[in-house]
Amino acid sequence: MTPNQPLAERLRPKDLNNYLGQKHLVGEKAVLRKMIESGNISSFILWGPPGVGKTTLAKIIANQLNRPFYTLSAVNSGVKDVREVIAKAESQRFFSSPNPILFIDEIHRFSKSQQDSLLGAVENGTVTLIGATTENPSFEVISPLLSRCQVYVLKAQEKEELEHLIDHAIENDSYLKERNINIKEKDALLKFSGGDARKLLNILELVINSQTSDEIIISNELVTKELQENPSMYDKDGEQHYDIASAMIKSIRGSDPDAAVYWLARMLEGGEDPKFIARRLVISSSEDIGLANPNALLLANACFQAVNLVGMPESRIILSETAIYLATSPKSNASYLAIGKAQALVRETGNLAVPLHLRNAPTKLMKNLDYGKNYKYSHDYPGNFVEQDYLPQEIKNQRLYIPQQNAQEAKIWERLKNWWKNRF
């Protein structure tokens, strides 16, 4: 153990008795503790936010059961790496020996083909798989693999547990206990950690290492000041996570490609999931650009698909191209405003009846009740348009979509005026 190791690594617990939290899984008579104590574990996936002990728990299990332990990170491992580990596990297995454990961190970032390559080894017992994910496995893990694994949900650490961790670090870490450290306030440490124990220790260590005085007094003001001066401490699951994502979106909305790609880089350097960024770009393409440039949504959706297919580090280029395209595109929020008005109108007016002429009439009774009567089929008229009422009578004069001043919507405006005459 050296001071060059991060504090979180130095304090990583080696057994369940020192493991922080997750009593519903590893407490007395809890499901995982009983499985570990029996010596027989099946493949499972640990689902929870960052810094709650997924990797630590996997290592404790392997250590306590004295199993060979292989680990892969989905960020930088491919199908070839998976097959090499499986082959190694097969070659080192002896008759009646327990299965090696294969731990895959961020398994949600594995592509379908990468996950497919695990199926045979998991099914025939070549390895016992422990996966860790921050994303819902129902959406991110393929069904055949998910059906072979139990899913256990890990919770963010409670305030009392995190406060105990701070005290434990100060009192027990071989390097920190040699220093004169006074924890005056803990609120800022807890706030910026966002329930992430690893991040809490990283922040604590950063603040302590930044001080040169003999006595170190840790206050809320000091913690806030040090984090503001260290922008690389990106909080990808706390308040700063949303602040930086918001800054990127506002930069796109404000047509500043330099700022958009800068905030994008901040997220990527902080370890943000590229799929989260791609989803935000898809939303922005409709909310801020919309009908001013309908191709924006197509490109953003293609970006999301490509990011899922390619993975990092190449996805950074795709995200950059999309962010710059959106920032330099003409803007319109007309669709965003229209659906907001429509939903407000629905809440105000309730479930208004569908006009009879717009209803289907698949039965004779419905026809006798005038369902579909006097409906005009647009394609039977010149220009595939005929004027008729499509809204309920009570709100037939409501205007929800208002075209904005840009080249694309100017064409839409002219088309609507030509069709509807007095309405537009």
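Scoring rules and cut-offs
Residues numbered from 1 in each chain as written. Predicted model: local features only at pLDDT ≥ 70, side-chain atom pairs only at ≥ 80, totals over all residues. Heavy atoms only, no water. Helix = DSSP H or I, 4+ residues; strand = E, 2+ residues; numbered from the N terminus. Rg over C-alpha atoms; globule rule 2.2 N^0.38 Å. Buried < 20%, exposed > 50% of the residue type's maximum accessible area, 1.4 Å probe, protein only. Contact = heavy atoms within 4.5 Å. Areas by Shrake-Rupley, 256 points an atom, 1.4 Å probe, with all protein chains shown as cover. Pairing = 2+ DSSP bridges. Axes fitted to C-alpha atoms, helices over the stretch in contact; angles between N-to-C directions. Expected span 1.5 Å × (residues − 1). Parallel < 35°, antiparallel > 145°, perpendicular 65-115°, else oblique. Left-handed = near helix turned anticlockwise from the far one by under 90°. Nonpolar A, V, L, I, M, F, W, Y, C, P; charged D, E, K, R; others polar. Phe/Tyr/Trp six-rings, centres within 6.5 Å; stacked < 30°, edge-to-face > 60°. Polar contact = N/O pair within 3.5 Å; in protein donor to acceptor, adjacent residues only side chain to side chain. 1 Å grid on protein atoms, 1.4 Å probe; cavity = no way out; pocket = protein on both sides within 12 Å on 5 of 7 lines; lining within 4 Å. Points joined across faces, edges and corners; volume = space filled by probe spheres on them. Salt bridge = Lys/Arg side-chain N within 4 Å of Asp/Glu carboxyl O.

**Student:** What is the right way to look at the overall build of the protein chain in this model?
**Tutor:** The helix and strand tally for the protein chain stands at 20 helices and 7 strands. Against the compact-globule benchmark of 22 Å for 424 residues, the protein chain has a radius of gyration of 29 Å, which places it well outside the compact range. Here the protein chain holds 424 residues, and the buried ones make up 43% of them. Sequence-distant contacts in the protein chain: of pairs separated by 6 or more residues, those separated by 24 or more amount to 71%. Here the protein chain displays about 23,100 Å² of accessible surface, and carbon together with sulfur accounts for 51% of that area.

**Student:** Looking at this structure, how should I read the sheet that holds strand β5 (residues 150-153)?
**Tutor:** Backbone hydrogen bonds are what pair the strands of a sheet, in a parallel or an antiparallel way. Read from one edge to the other, the open sheet built from 5 strands follows the order β2-β3-β4-β1-β5, with strand pairing classed as parallel. Of all strands in the sheet, those bounded by a partner on one side alone are β2 (69-73) and β5. Adjacent strand axes in the sheet meet at a mean angle of 20° when their direction is disregarded. Sheet topology places strand β3 (residues 101-105) next to strand β4 (residues 128-133); 4 bridges connect them, and they run parallel. From the neighbouring strand, F103 faces β4, where its bridge partner is I130. Along the sheet, helix α4 (residues 54-65) contacts β1 (44-47), β2, β3 and β4; its crossing angle with β3, the most-contacted strand, is approximately 175°. Sheet strands touched by helix α5 (residues 79-91): β2 and β3. Its angle to β2, the strand with the most contacts, is close to 180°.

**Student:** Looking at this model, I keep getting lost on helix α20 (residues 407-420). Mind explaining?
**Tutor:** Residue pairs spaced three or four apart in an α-helix point in one direction, given the helix's 3.6 residues per turn. For α20, with 14 residues, the first-to-last C-alpha span of 20 Å sits near the 20 Å given by 1.5 Å per residue. Tucked into the core, α20 has its buried residues touching α18 (334-349). Following α20 by one or two positions, K421 adopts a phi angle in the positive range, close to 55°.

**Student:** Where do I start with the packing of helix α9 (residues 159-172) against helix α11 (residues 197-209) in this structure?
**Tutor:** Axes are the key here: two packed helices are described by the angle between their axes and the distance separating the axes. One way to put it is that α9 packs onto α11 with a least axis distance of 11 Å and a crossing angle of 45°. Relative to α11, the element α9 is oriented oblique. Along this stretch, α9 crosses α11, giving a crossing that reads as right-handed. Mapping the contact onto sequence places L162, L165, I166, A169 and I170 in α9 and A197, L200, L201, L204 and I208 in α11. Within the contact of α9 with α11, the residues separate by chemical class into 10 nonpolar, no polar and no charged.

**Student:** What's the story with the packing of aromatic side chains in this structure? I'm lost.
**Tutor:** Any two aromatic rings considered together are summarised by their centre-to-centre distance and by the angle between their planes. Tallying each qualifying case throughout the model produces 6 aromatic pairs. Between F69 and F103, the ring centres sit 6.2 Å apart and the planes meet at 20°, which makes this aromatic pair stacked. Of this pair, F69 sits in strand β2 while F103 sits in strand β3, and the two are 34 residues apart along the sequence. Ring plane angle 10° and centroid distance 5.5 Å describe the contact between F385 and W419, whose orientation is recorded as stacked. Separated by 34 residues along the polypeptide, F385 in the loop between α19 (364-368) and α20 and W419 in helix α20 bring together distant segments of the chain. We classify F385 as buried; its relative accessible area is 19%. Grouping aromatic residues by their ring pairs yields a cluster made of F385, Y390, W419 and W420.

**Student:** Would you explain the pairing of β4 in this entry?
**Tutor:** Consecutive side chains along a regular strand alternate between the two faces of the sheet. Of all 6 residues that make up β4, 6 are buried, and the element is covered over most of its length. Neither face of β4 is exposed, since T128, I130 and A132 on one face and L129, G131 and T133 on the opposite face are all buried. The sheet contact formed by β1 and β4 spans 4 bridges and is parallel. Bridge pairing in β4 places I45 opposite G131.

**Student:** For this particular structure, what's the right way to read the side chain of Q388?
**Tutor:** Tracing the chain through its elements places Q388 in the loop between α19 and α20. A distance of 2.8 Å separates a polar atom in the side chain of Q388 from a polar atom in the side chain of Y390. Aside from chain neighbours lying at most four places away, what touches Q388 is H357, N374, Y375, K376 and W420.

**Student:** Which parts of the structure should I look at to understand the layout of surface pockets?
**Tutor:** Any empty space left between the atoms is revealed when a probe the size of a water molecule rolls over them. Put simply, the second largest pocket is a space of about 360 Å³. Every residue lining the second largest pocket is counted, 22 residues in all, and those nearest its centre are R109, F110, S111, N308 and G311. Put simply, the parts of the chain that give the lining of the second largest pocket at least two residues each are α6 (112-123), α15 (274-289) and α16 (295-310). Of all the elements, α16 adds the most residues to the lining of the second largest pocket, at 4 residues.

**Student:** Explain α11 here, please?
**Tutor:** Here α11 contains 13 residues, and its C-alpha end-to-end distance of 18 Å stays within 8% of the 18 Å for a straight helix at 1.5 Å per residue. Along α11, 10 of the 13 residues are buried, which leaves the element largely enclosed by surrounding structure. Looking at α11, one finds that the buried residues are A197, K199, L200, L201, I203, L204, E205, L206, V207 and I208.

**Student:** Sorry, what's going on with the pattern of salt bridges here?
**Tutor:** Side-chain pairing between opposite charges can occur once the charged atoms of the two side chains come close. Scanning the entire structure with this criterion turns up 11 salt bridges. A salt bridge links R33 to E37, with the shortest nitrogen-to-oxygen separation between them at 3.6 Å. With a gap of 4 residues between them, R33 and E37 both fall in helix α3 (residues 31-38), about one helical turn apart. The salt bridge involving R253 is made with E287; its shortest N-O contact spans 3.5 Å. Here E287 lies in helix α15 and R253 lies in helix α13 (residues 239-253), a separation of 34 residues in the sequence. Each member of the salt-bridge network shares a partner with another, and the members are R10, D173 and E205.

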